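# Residue-level structural notes
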Amino acid sequence: MGKWAFWLEQLRLFVIAVGFFTRIPLLRRISPDNDTINRASRYYGLVGTLVGGLSALVLWLLSIYLPLSVAIVLSMITSVWLTGGFDEHGLAVTADSFGAGDSAGQKLQMMKERRLGSYGVLALVLALLLKFELLMELALYDPTLTALALVLGHTLSRVTSASLIFGETCVHEEGLSRHPVQRQSINELSFLLVTGVVVMLLFSRGQLIPLVIGLLLLRFILARWFRHQIDGYTGDTLGAGQQLAEVLVYIIVLAGWNAASRS
């Protein structure tokens, strides 16, 4: 494969990743096969950079004319609109099934039905409230910091979530997984991880070690938790992982700035 052919193929894979993981209509004329979809998972982190960047842009523009709290809520709405709320719904469905289901089979069935109960509603509401509060506290230091945190959070959370595909089992039960990526090679994983490292170096070099340790620990916990609950992962549990990782990134960034301000 020549140099131009290689880069054109990478661009095609990125377009496929954006088309699958956001509401941006880029797949109308593309019908990728399963292997292509699996290879496109390497760009899931960059899709997060795109979503986080657009959300940060909305925050920056609106904060000029509106109170910070309103600008933050509208930036959060922007990210939900861009992704269709897939990950937020995954968090709610996962919390509901894990909280109310007795067996792995029952939990999987509840995920398949995709109806929300009290566990799911509580998880979603509390996660959104926590995100808002964390972003608001960051904005009190510097609104620019909040914009950078959005890029970090959306990128690193998707890197963490998508990395679970490597080495874990995609649970199949009548098409339950609802996730286009069902396996991941070492090449896809390597590119995914490099994306996360590059974004950390660009936006938060001083917190590189806490972010790496925190997200690696969360990935380990999520993998064990999902394996214990349903013997693997589904698209919904990956969405839950993304949401939890995003919140963790904001917590680590805020903790770092709090510590720096006191020293």
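Given the structure is predicted, the values throughout are model-derived calculations rather than measurements.

## Focus: empty space enclosed by the protein
- Taken as a whole and judged by the stated rule, the model has 3 cavities of 30 Å³ or more.
- When its volume is computed, the largest cavity comes out at roughly 120 Å³.
- Among the secondary structure elements, those contributing two or more residues to the lining of the largest cavity are helix H4 (68-83), helix H5 (86-100), helix H7 (118-141), helix H8 (143-163) and helix H11 (235-262).
- Sort the elements by how many residues they give to the lining of the largest cavity and H4 lands first, with 5 residues.
- A class-by-class count of the residues in the lining of the largest cavity yields 6 nonpolar, 6 polar and 5 charged.

## What about the packing of H8 against helix H10 (residues 208-230)?
- With their axes 10 Å apart at the nearest point, H8 and H10 run at an angle of 40 degrees to one another. One element, H8, and the other, H10, form an angle in the oblique class. In this structure, the crossing between H8 and H10 has a hand that is right-handed. Across the interface between the two elements, Leu 152, Leu 156, Thr 160 and Ser 163 from H8 touch Leu 211, Leu 215 and Arg 219 from H10.
- Split into classes, the residues belonging to the contact of H8 with H10 amount to 4 nonpolar, 2 polar and 1 charged.

## Here's the deal with the packing of aromatic side chains
- Taken as a whole and assessed by the stated rule, the structure comprises 7 aromatic pairs.
- The interplanar angle of 65 degrees and the centroid separation of 4.9 Å between the aromatic rings of Tyr 43 and Phe 191 together place this pair among those described as edge-to-face. In this pair, Tyr 43 sits in the loop between helix H2 (34-40) and helix H3 (44-62) while Phe 191 sits in helix H9 (residues 186-203), placing the two residues 148 residues apart along the sequence.
- Since its relative accessible area comes to 6%, Tyr 43 is described here as buried.
- One aromatic cluster in this structure is built from Phe 14, Tyr 43 and Phe 191.

## Notes on the UniProt feature "transmembrane region" (unreviewed entry) in the chain
- As annotated by UniProt and renumbered to match this structure, "transmembrane region" (unreviewed entry) occupies residues 6-22, 43-62, 68-86, 116-135 and 209-226.
- Across residues 6-22, the secondary structure splits into 94% helix and 0% strand, with the terminal C-alpha atoms separated by 24 Å.

## Some remarks on the pattern of salt bridges
- Tallying each qualifying case throughout the model produces 5 salt bridges.
- Here Glu 168 makes a salt bridge to Arg 227, at a shortest N to O gap of 2.7 Å. Of this pair, Glu 168 sits in the loop between H8 and H9 while Arg 227 sits in helix H10, and the two are 59 residues apart along the sequence.
- Residue Arg 227 is classed as partly exposed on the basis of its relative accessible area, which comes to 39%.

Cut-off values and rules
- Residues numbered from 1 in each chain as written.
- Predicted model: local features only at pLDDT ≥ 70, side-chain atom pairs only at ≥ 80, totals over all residues.
- Heavy atoms only, no water.
- 1 Å grid on protein atoms, 1.4 Å probe; cavity = no way out; pocket = protein on both sides within 12 Å on 5 of 7 lines; lining within 4 Å.
- Points joined across faces, edges and corners; volume = space filled by probe spheres on them.
- Helix = DSSP H or I, 4+ residues; strand = E, 2+ residues; numbered from the N terminus.
- Nonpolar A, V, L, I, M, F, W, Y, C, P; charged D, E, K, R; others polar.
- Axes fitted to C-alpha atoms, helices over the stretch in contact; angles between N-to-C directions.
- Parallel < 35°, antiparallel > 145°, perpendicular 65-115°, else oblique.
- Left-handed = near helix turned anticlockwise from the far one by under 90°.
- Contact = heavy atoms within 4.5 Å.
- Phe/Tyr/Trp six-rings, centres within 6.5 Å; stacked < 30°, edge-to-face > 60°.
- Buried < 20%, exposed > 50% of the residue type's maximum accessible area, 1.4 Å probe, protein only.
- UniProt positions renumbered as here; feature names shortened; annotations may be inferred.
- Salt bridge = Lys/Arg side-chain N within 4 Å of Asp/Glu carboxyl O.

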